[in-house]
Amino acid sequence: MATDPRNIVAVAEFSDGRYWQCRADEDSSIAMEVVSNLNISGDASALSDLDEESLRAMGFMEPSRGSNPNWRVEASGMGDLVRLVLLTTSAVYDVLRERPQNAVDVRTWEFQSSRG
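Here is a short report on the structure shown in this document. What you see is a predicted model, and the numbers here were worked out from it, not measured in a lab.

Structural notes on the overall build of the chain
And then number 1: Along its length, the chain carries two helices and five strands.
And then number 2: Reading the chain from its N terminus to its C terminus gives the helix and strand order β-β-β-α-β-α-β.
And then number 3: Against the compact-globule benchmark of 13 Å for 116 residues, the chain has a radius of gyration of 14 Å, which places it among compact chains.
And then number 4: Seen along its three principal axes, the alpha-carbon backbone of the chain occupies a region of about 40 × 30 × 25 Å.
And then number 5: Of all 116 residues assigned to the chain, the portion counted as buried reaches 39%.
And then number 6: Taking as baseline every contact in the chain between residues at least 6 positions apart, the subset at least 24 positions apart corresponds to 57%.
And then number 7: Roughly 6800 Å² of accessible area belongs to the chain as shown, and the carbon and sulfur atoms make up 50% of that amount.

What follows is the structure, encoded as structure tokens:
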């Protein structure tokens with residue numbers, strides 16, 4: 001995605017309803033997000049306090065109401081890509097505790113940039 005000249009979104013939704021998503025812009029900037037408890041209704045939660053502390057320790061930005069309701073990390077350019085891949089791997093395997101045999105639905109699509 002980082003080397004593609006298009007604007008692309010990828011979402012991986014796991015069988016338990018939690019998800020990871022990534023947005024890559026034509027300028028090689030990338031935003032990767034992990035579900036947060038702000039997106040869960042009622043008393044349910046997607047992440048434990050320990051999960052959230054792990055994301056915080058990895059350098060994810062705290063979720064907030066409004067335009068950034070998920071745990072988020074950003075990268076810019078190819079030099080940051082390895083860091084983002086490592087963070088993605090840790091978030092999916094260590095925090096969400098997903099495994100290769102778990103069901104996952106992956107969707108990708110191109111979008112028009114508003115930077116125009």
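So, the sheet that holds strand β5 (residues 104-110)
And then number 1: Pairing is antiparallel across the open sheet formed by five strands, whose spatial order is β4-β3-β2-β1-β5. Of all the strands in the sheet, the pair left with one neighbour each is β4 (71-76) and β5. Taken over all neighbouring pairs, the strand axes of this sheet differ in orientation by 10 degrees on average, direction set aside.
And then number 2: Where strand β2 (residues 19-24) meets strand β3 (residues 29-34), five bridges bridge the pair, whose relative direction is antiparallel. Along β3, the bridge assignment pairs Cys-22 with Met-32.

Brief notes about the side chain of Asp-51
And then number 1: Structurally, the position occupied by Asp-51 is in helix α1 (residues 49-58).
And then number 2: Within polar-contact distance, the side chain of Asp-51 engages the backbone nitrogen of Ser-48 at 2.9 Å.

Observations regarding the pattern of salt bridges
And then number 1: On inspection of all chains with the given rule, the structure shows 11 salt bridges.
And then number 2: The shortest N-O distance in the salt bridge between Arg-18 and Glu-98 comes to 4.0 Å. Separated by 80 residues along the polypeptide, Arg-18 in the loop between β1 (8-14) and β2 and Glu-98 in the loop between α2 (81-95) and β5 bring together distant segments of the chain.
And then number 3: On the basis of relative accessible area, Arg-18 is assigned to the buried category, the value being 11%.
And then number 4: According to the relative accessible area criterion, Glu-98 is buried, its value standing at 4%.
And then number 5: Of the charged contacts, one joins Arg-72 and Glu-33 as a salt bridge, the two residues approaching to 2.6 Å between their closest N and O atoms. Residue Arg-72 is found in strand β4, and its partner Glu-33 is found in strand β3; the two are separated by 39 residues along the sequence.

Focus: the nonpolar core
And then number 1: Ranked by size, the top nonpolar core spans 24 residues in total, and within it Trp-20, Met-32, Val-34, Leu-47, Leu-55 and Phe-60 carry the most contacts.
And then number 2: If you list the elements that add at least two residues to this core, you get β1, β2, β3, β4 and α2.
And then number 3: Per element, the largest residue contribution to this core is five residues, and it comes from α2.
And then number 4: Leu-55 has contacts with Val-34, Leu-47, Phe-60, Trp-71, Ala-91 and Val-95, leaving out every residue within four places of it along the chain.

Criteria and cut-off values
- Residues numbered from 1 in each chain as written.
- Predicted model: local features only at pLDDT ≥ 70, side-chain atom pairs only at ≥ 80, totals over all residues.
- Heavy atoms only, no water.
- Helix = DSSP H or I, 4+ residues; strand = E, 2+ residues; numbered from the N terminus.
- Rg over C-alpha atoms; globule rule 2.2 N^0.38 Å.
- Buried < 20%, exposed > 50% of the residue type's maximum accessible area, 1.4 Å probe, protein only.
- Contact = heavy atoms within 4.5 Å.
- Areas by Shrake-Rupley, 256 points an atom, 1.4 Å probe, with all protein chains shown as cover.
- Pairing = 2+ DSSP bridges.
- Axes fitted to C-alpha atoms, helices over the stretch in contact; angles between N-to-C directions.
- Polar contact = N/O pair within 3.5 Å; in protein donor to acceptor, adjacent residues only side chain to side chain.
- Salt bridge = Lys/Arg side-chain N within 4 Å of Asp/Glu carboxyl O.
- Core = buried A, V, L, I, M, F, W, Y, C linked by side-chain atoms within 4.5 Å.

Nothing here speaks to function; it is all geometry.
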